[in-house]
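Residues per chain are reported as follows:
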Amino acid sequence: MAAVRRQRPRESAALVAFGRQMRRLREAKAIKQETIAHLTKVSPAQVSRIEAGKKRSTRPFVEIVDDYLEAGGALIGLWEDLNKDGHPVPVWFDWPQIEGDAVMLACWEHGVIPGLLQTPAYTSVLLKGNQEATDLRLRRQSILTRDDGTPPTLFVLLLDEHALYRQVGSAETMREQLEHLLTMGILPNVTIQVVLASGEHTGNSGDFMIATMEDRSEVAYVETAIRGIATDNPTDLATLARTLIELRARALTEDMSREVIRKAMEKWI
């Protein structure tokens, strides 16, 4: 019998609890979401997502709302209770929502091509032929090419050269994948830079992605041997930002990166 896959909830219980209390306080004062958005300098859609438990709120946001709603620190206290060590618990399962809402994603990968730029064949091999998981991953790629009125997400990829030569599937799968990288790199919202495989640097410790949201807040996704973990802890973000700076200093230009990708394709003829 196939193992039953545990379904991850779409929202964090902590975020839902905070959002409901904020909505109660706001509605008790007969204040519209648009007013909160104006005060906090975010979009009404962002306020709606916070109240629905689909988005984290920052401490400055909460302080402004608490003061305006005359909550006497109640909203701040709830936020602090639900943000132990800076993290709503649990934090890791809502990354697809964060990824979809982000205006920019900065990614470092040193093992394989990242999911947002994978071909169906490449993805299928990595996911052991699991069609449901493959379809889910491929659907998430639409944020880079959508034309529904929402601007496509800006995506900056720093890719270790080793990933171009690490075989996933057949040679044909690899060649198709590298061709896809070149095609996606032409898009104005996609930047691909190769980091040459030489020397020690902080990026060797693992892959990660940093999402910048519409309100300029950031959330990072860090890969571990067990699962990916989302974090908005300022110390974590500062560490990853320093790593990105080091990697960008080592990265080739976009034009040079395309030449390196083309050269790697020769191996997969």
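Provided above is the structure to which this section pertains.
An account of the accompanying structure is given in this report. Here the structure is a predicted model, which is why all the values come from computation and not from measurement.

1. Topic: the overall build of the chain
When you go through the chain residue by residue, the secondary structure sums to 12 helices and 8 strands. Within the chain, buried positions represent 45% of all 269 residues. In the chain, the share of contacts with a sequence separation of at least 24, taken over all contacts with a separation of at least 6, comes to 73%. Surface summary for the chain: the accessible area is close to 14200 Å², and the carbon and sulfur share equals 54%.

2. Quick word on the pattern of salt bridges
Across all of its chains, the model carries 12 salt bridges by this definition. For the salt bridge of Glu 51 with Arg 26, the shortest nitrogen-to-oxygen distance reads 2.7 Å. A residue pair is termed long-range when its members are at least 10 positions apart, and Glu 51 in helix α3 (residues 44-51) and Arg 26 in helix α1 (residues 13-28) qualify at 25 residues. For Glu 51, a relative accessible area of 1% puts it in the buried group. With a shortest N-O distance of 2.9 Å, Glu 99 and Arg 140 are connected by a salt bridge. Remark: Arg 140 occurs in helix α8 (residues 131-140) and Glu 99 occurs in helix α6 (residues 95-101); sequence separation between them is 41 residues.

3. Here we look at the sheet that holds strand β3 (residues 104-109)
Across the sheet, which stays open at both edges, the 6 strands sit in the order β5-β4-β3-β6-β7-β8 with mixed pairing between neighbours. Every interior strand has two partners, whereas the edge strands, β5 (190-195) and β8 (229-231), have only one. Sheet twist, expressed as the average angle between the axes of neighbouring strands with direction ignored, equals 15 degrees. The pairing of β3 with strand β6 (residues 208-212) spans 5 bridges and is antiparallel. Note that in β6 the partner of Ala 106 across the bridge is Ile 210. Across the face of the sheet, helix α11 (residues 234-250) comes into contact with β3, β4 (154-160), β5, β6, β7 (218-222) and β8 while running at roughly 110 degrees to β6.

4. Quick notes on the packing of helix α10 (residues 171-184) against helix α12 (residues 254-265)
For the pair α10 and α12, the least separation of the axes is 10 Å and the interaxial angle reads 165 degrees. For the element pair α10 / α12, the angle class is roughly antiparallel. Helix-helix and strand crossings are classified by hand; for α10 and α12 the assignment is left-handed. Residues Arg 175, Leu 178, Glu 179, Leu 181 and Leu 182 of α10 lie in contact with α12, whose contacting residues are Arg 258, Ile 261, Arg 262, Ala 264 and Met 265. Residues belonging to the contact of α10 with α12 are distributed by class as follows: 6 nonpolar, no polar and 4 charged.

5. Quick word on the packing of aromatic side chains
Counted according to the given criterion, the structure contains 0 aromatic pairs. The lysine or arginine in question, Lys 267, covers the ring of Trp 268, its NZ or CZ lying 4.9 Å from the ring centre.

Each value, and the rule that gives it
By convention here, each chain's residues receive numbers from 1 onward along its written sequence. With pLDDT at 70 or above as the cut-off, local features in this predicted model cover only qualifying residues; side-chain atom pairs require 80 or more to be listed or tallied, and sums for whole chains, interfaces and linings still use all residues. Each side-chain value is derived from all of the structure's non-hydrogen atoms; neither hydrogens nor water enter the calculation. Numbering of helices and strands runs from the N terminus; a helix is a DSSP stretch of H or I covering at least four residues, while a strand is a stretch of E covering at least two. To sort residues, take the accessible area from a 1.4 Å probe on protein chains only and compare it with the maximum for the residue type: under 20% means buried, over 50% means exposed, and anything in between is partly exposed. Contact definition: two residues touch when any of their heavy atoms are within 4.5 Å. Computed by Shrake-Rupley with a 1.4 Å probe, the accessible areas treat only the displayed protein chains as cover when residues are assessed. The term salt bridge refers to a side-chain nitrogen of Lys or Arg lying within 4 Å of a carboxyl oxygen of Asp or Glu. In this scheme, strands are said to pair when DSSP sees at least two bridges between them. Between the N-to-C directions of two axes lies an angle of 0 to 180 degrees, each axis being a line fitted to C-alpha atoms and, for a helix, fitted only over the stretch in contact. Each angle gets one of four labels, with under 35 degrees taken as roughly parallel, over 145 as roughly antiparallel, 65 to 115 as roughly perpendicular, and the rest as oblique. Crossings are assigned a handedness: left-handed for a near helix turned anticlockwise from the far helix by less than a right angle, right-handed for a clockwise turn. Under the grouping applied here, Gly and all other residues not named as nonpolar or charged are polar, the nonpolar ones being Ala, Val, Leu, Ile, Met, Phe, Trp, Tyr, Cys and Pro and the charged ones Asp, Glu, Lys and Arg. Only the six-membered ring of Trp is used, alongside the rings of Phe and Tyr, when aromatic pairs are assigned; centres must lie within 6.5 Å, and planes under 30 degrees apart are stacked while those over 60 apart are edge-to-face, with the rest tilted. Any Lys NZ or Arg CZ found within 6 Å of a ring centre and within 35 degrees of that ring's normal is scored as a charge over the ring.

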